[in-house]
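As a plain string of letters, each chain reads:
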Amino acid sequence: MEVTLPLQRSPSCRTVFSERTQFRIKPFLGFLPTQSFNWKRDHVAANITYRITASADFSRRRPRRISTPRSNDSTPRGFTPRTQVPTTSIQRRGQKNNEKKKGTGPSPAPEFTIPGSNTETPQLKTGSDEEEVSGVNLVVAKAEAESDGIGLGVASTSESLFDEDKISQFEETVRMPEVDERIIVESKDAKGITESEVSNNAGRLLNVNMVLDTVKDKETRWNKNIRIDDLQEKALVSGDIDVSVYGRVIEEKQIYTKSSEDGGGENIEKEESVEEIDISKVGNNASRETDSRNETISKTVDKVESINSVDDFHKRPSVKPEGVDEGYNSISEDKKKADNFLKLKLESEEILRKEALDRLASDNFRKGHKLFYYPEIVEPDQDIEIFFNRSFSTLKFEPDVIIMGAFNDWKWKSFAINLSKTQLNGDWWSCKVYVPREAYKIDFVFYNGNDVYENNDEQDFCITVEGGMDGFDFENFLLEEKRKEQEEVMRRKAERERQVEEQRRIEAEIVESEADRAQAKEEVAKRRGMLQELLKDAVTSFVNVWYIEPSDFLVSKLIKSESKDGDWCCADVVVPDQAVVLDWVFADGPPEQAVVYDNNLLQDFHAIVPKSIPGELYWVEEEQQIYKNLQAERRFREEALRAKAEKTVRLKEETKERTLKTFLLSQKHIVYTDPIDVHAGSTVTVFYNPANTVLKGKSEIWLRCSFNRWTHRMGLLPPQKMIPIENGSHLKATVKVPLDAYMMDFVFSEREDGGIFDNKNGMDYHVPVFGGVVKEPPMHIVHIAVEMAPIAKVGGLGDVVTSLSRAVQDMNHNVDIILPKYDCLKHSNVKDLQFHKSYSWGGTEIKVWTGKVEGVSVYFLEPQNGLFWVGCIYGRANDGERFGFFCHAALEFLLQSGFHPDIIHCHDWSSAPVAWLFKEHYMHYGLSKARVVFTIHNLEFGANLIRKAMEFSDKATTVSPTYAQEVSGNSAVAPYLFKFHGILNGIDPDIWDPYNDKFLPVSYTSENVVEGKRAAKEALQEKLGLEKSDLPLVGIITRLTHQKGIHLIKHAIWRTLERNGQVVLLGSAPDPRIQNDFVSLANQLHSSHGHRANLCLTYDEPLSHLIYAGADFILVPSIFEPCGLTQLTAMRYGSIPVVRKTGGLHDTVFDVDHDLERAQACGLEPNGFNFDGADGAGVDYALNRAISAWYDGREWFDSLCKRVMEQDWSWNRPALDYLELYHSARK
């Protein structure tokens, strides 16, 4: 019987299953109910009626309209008329009982809408029983395909749409139906259901006739009854049934039918012809829907086979009734059931796909399009088919067609796939392409595998992917993938390094173990030899002189013997284990008082210890014991060294972190961020105080921000108006930091469109970003200098060149140094020195050597004209000519070697010519990328050369901010203040490190500074012959020149002695007159205060370390001091600086009594004593306060020593400032 089952709208789960329902509806992301179904016979069990319960009581939901039934020979619109065949009346089992419960009146049929061109496609909803389920549009009838509907033909049984891969996916994503054991299968005497009962019980019985395509005899068997009976309702109420079928995923219940013994079973007629049943579109007219529901479908069926049939048992879905053997519910039966569902799904999808492809192929061929794709809406994480019409392309005569493409503007996962000829009308070729979940666009071209391409007129083909990532999300995804890749690379690198280190340790252990074994053997051999020599003179007695008894004795004290006649004395001696020979002499008293000795004529007495002559086993054991002792001693030393190295690294890292935080907070009075440590992917707030800038008093402040030194892919962010904060003068704005940021850049303006800017005097404001997936690209910096510590050092210039290079290199930048190859070079400090190349310039050959100094790459230029074979660095009459030649040769070396540095850094007057030689001869001839930075170390020398270098350099610096102010009025500097900056120098923390200083008696850090300095003071006093007493000790380490304030030094010496302190001076004078003056002073002090003063008028590197550690104070009374390193080194060793306020001394020493606010503005605490004047009174003011503090508050003074040790005066902070300067020069 052919019945139309309309639904007016989607009923809610609560409404449908409010009473006595048997099956739960579960979410199922399958194909929508608007799709057609083509069920084959081999997909279901034979002789089984399938019931799908759709509602417990549709009649109570809402009134339904019922249309007048159509006549039997009428056909619904959209269906082809067919010959009617008789049908068998089916009596419904348990009708009377149901009528008593539900009433005898017919239930109104719900309205039913089939989606078409003018209707919306129903949407499948899943969820709780409160949610409505989308409308189900199911009509089963025999029909022909129409343009406004979807026609399904019965697929040939020879075609296999079974795909194991898809089945696997289906099994993984779709839960198998769960059937409770309490469901009772209808017995063999089940009664049929009449056609009239269908209309009378429409609310509780739905008959959906599904198509079953037969393999044998081409017969169509089908009768799918969908209803709810009492037993099923009880099962559902118990919550034990979980069912899934198509959009509703409803469990199918099997009704096994069998003829009863009395012949009262159901009869099914046969039909010889094969019928094709399609799902077709039905209009919205309610009356036609009701007529369609009453339309019958004739068919011929075989007599129902026995329910005990083995074939039927294997074909029917796994439903286990009560009382039936548990084998009915086996896993294999569930698998077969899933296979049936999957086959039906795949076949229906394939039919839909073929029809859609035929339509698309026809339309696109008619329009002359080169390609189309299916499905027409492409989503991520799915397979799509791309169809290409070869006849419309440049490949129309090519036998092979290949698609070559990638995703997301060719940025993601490239692919190349061969296309195959399709069965579609027209020259259509196709292939399948998987769309990854990260895709938002597919980009591709076609080619023949060689040199013929179809690229859409050089525009390439593209397909937009809907519902996935967009371009921005994809960029973030790539960044996250890159971050994971970097983490994996770092992990693997660390693992490789660990394995290499472990292998190195094992190999070293083997070598050292063999060395210990050899040493143990050598020691045993030595002991055996000594024993043999002793045994030669050893006896057990000497006639009338001595003897030993008993043979295994213990000996102690020599007394008069009463057991033997004569003048015999005896003594008891404790003989140690393993003793072999006893050695002794006789005397008339204890060792301290003895006068007369009997030592056997200077041979001493020796006796063999009885029963103790060692055998071979003894020596084997002795060797093993010595070996174990050596091993233990070595491991103890190695562990101590390892722990010390680890602590050194930890201390350095902690210092760097503190310095970076100080750097970030150094301008907190102007700008800072919250949080201080900015991390990629986070949101930060920028705080700005315009009161301390050029924007003071402006009504509006706008933030202009970007990332990565203004080079970020997102470009400049839109200007953002800053808003005031409560109870403060700062303004704020919020910025989202991207994942690929390594630096945050910003400036401030008075208006949105610009106006006055605060850009930090052209440097811009920058804040480092941590944790980004992109690291800052390294710069290449080349220093051209004439000094370098420790191989060619005269003054502080050499220290700066080496230490700054190391610090910048530690920040992952590339650094090289170009230096003259002096004949007085200290080659012992150059590692891997070797010849590099030779080139000609200036009429001479210049040989180039390479090597490593303090870990930095150095190129040594050796011109063969002998300019640097003079035995010194400075002091020749032609120094200007020598260094001018070197500067030009260095630039020529860079050019001829193909170097392209970002920064060329030249220093002081000696390499000042580099600035203008570069701009005049090399900037436009191969070295255009470079920028020149020039540093003034001391303006007292070569002012004219410095002036010219200031003119041609891109940026210029000097060695401290205060010194920059002091020289700003100089004619060599004044015109160029806009590019002139003061950056403090630092000290090398590896060279000056009290924790690893080999010249100190005790290593120490800030944690044990008191003990360490006490031991160093005692060692210093002993070394210099000073009184070993606890007195304040003032140290002076300096060159004796007028610049260093030699008259103030003399005054301070006498003042310290007056305060009962001790004084140590280390230094020499290049001026003989000054040197002789201090020699006289040294002699005078030696005569009058030799126990409290010592002047060492030479240079002694180990002694300088001991003075820095042993002194309580370091005096630096310079008349002028561009930077000064002495006070920085003093604080590194916990000594308190006493300085004159000038240049870098003022920038680094903050008086404990007067400079609290100035120190805090720099993120520091007060750390010493200073004075203003250049006379004795000024020295006395600072020195008296310092010595008094030592006498009056030792606990406070010790805490001050700890504080200054923890301040970072290394190159960590200056290196950050120089990097900012380098980047500013490159803008």
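Throughout what follows, the structure given in this document is the object of discussion.

To continue, consider the overall build of the chain. Across its full length, the chain holds 26 helices and 48 strands. Buried residues in the chain amount to 50% of all 1227 residues. In the chain, of all internal contacts separated by at least 6 residues, the share reaching a separation of at least 24 is 73%. Accessible surface for the chain amounts to roughly 59,000 Å². Of this, 50% is attributable to carbon and sulfur atoms.

A few words now on helix α20 (residues 1101-1110). Counting buried residues along α20, eight of its 10 residues qualify, which places the element largely inside the surrounding structure. Considered for burial, the residues of α20 that qualify are Leu 1103, Ser 1104, His 1105, Leu 1106, Ile 1107, Tyr 1108, Ala 1109 and Gly 1110. Structurally, α20 contributes buried residues whose contacts are with α17 (1009-1024), β43 (1033-1037), β44 (1062-1066), β45 (1093-1096), β46 (1113-1116) and α21 (1126-1132). Sitting at the amino-terminal end of α20 is Asp 1100, which places a side-chain oxygen 3.2 Å from the backbone nitrogen of Leu 1103.

Okay, the pattern of salt bridges next. For the structure shown, the criterion picks out 64 salt bridges. Note that Asp 1172 is salt-bridged to Lys 1141, the shortest N-O span being 3.1 Å. You can see Asp 1172 sitting in the loop between β48 (1169-1171) and α24 (1176-1192) and its partner Lys 1141 sitting in the loop between β47 (1136-1140) and α22 (1143-1148), a full 31 residues away along the chain. We note a salt bridge from Lys 1202 to Glu 1206, for which the minimum N-O separation is 2.6 Å. Taken together, the positions of Lys 1202 and Glu 1206, both in helix α25 (residues 1194-1206) and four residues apart, correspond to about one turn of that helix. Taking the relative accessible area as the measure of exposure, Lys 1202 reaches 33% and is therefore partly exposed. Within the structure, one salt-bridge network assembled from shared partners comprises Glu 509, Glu 512, Asp 516, Arg 634, Arg 635 and Glu 638.

Attention shifts here to the state of the cysteines. This model, assessed by the stated rule, comprises zero disulfides. The thiol of Cys 887 is not disulfide-bonded; the next cysteine sulfur, from Cys 906, is found 7.5 Å away. For Cys 887, a relative accessible area of 0% corresponds to the buried category.

Moving on: the sheet that holds strand β41 (residues 955-958). Taken together, the nine strands give an open sheet; going across it, the order is β36-β37-β38-β35-β34-β39-β40-β41-β42, and neighbouring strands pair in mixed fashion. Only two strands of the sheet have a single partner each, and these edge strands are β36 (831-841) and β42 (980-982). Across the sheet, the axes of successive neighbouring strands diverge by a mean angle of 25 degrees, strand direction being ignored. Across four bridges, the pairing between strand β40 (residues 931-936) and β41 is parallel. Bridge pairing in β41 places Ile 936 opposite Thr 958. In the packing of helix α15 (residues 943-952) onto the sheet, contacts are made with β40, β41 and β42, and the angle to β40 comes to roughly 145 degrees.

We now examine the packing of helix α11 (residues 796-810) against helix α26 (residues 1212-1226). Where α11 meets α26, the closest approach of the two axes is 9 Å, and the angle between their N-to-C directions is 75 degrees. Considering the angle they form, α11 stands roughly perpendicular to α26. Of the residues in α26, those touching α11 at Leu 804, Ala 807 and Val 808 are Ala 1215, Tyr 1218, Leu 1219 and Tyr 1222. Looking at the contact of α11 with α26 residue by residue, the classes come out as seven nonpolar, no polar and no charged.

Procedures and definitions
Residues numbered from 1 in each chain as written. Predicted model: local features only at pLDDT ≥ 70, side-chain atom pairs only at ≥ 80, totals over all residues. Heavy atoms only, no water. Helix = DSSP H or I, 4+ residues; strand = E, 2+ residues; numbered from the N terminus. Buried < 20%, exposed > 50% of the residue type's maximum accessible area, 1.4 Å probe, protein only. Contact = heavy atoms within 4.5 Å. Areas by Shrake-Rupley, 256 points an atom, 1.4 Å probe, with all protein chains shown as cover. Polar contact = N/O pair within 3.5 Å; in protein donor to acceptor, adjacent residues only side chain to side chain. Salt bridge = Lys/Arg side-chain N within 4 Å of Asp/Glu carboxyl O. Disulfide = S-S within 2.5 Å. Pairing = 2+ DSSP bridges. Axes fitted to C-alpha atoms, helices over the stretch in contact; angles between N-to-C directions. Parallel < 35°, antiparallel > 145°, perpendicular 65-115°, else oblique. Nonpolar A, V, L, I, M, F, W, Y, C, P; charged D, E, K, R; others polar.

Just geometry here; none of it tells us what the structure is for.
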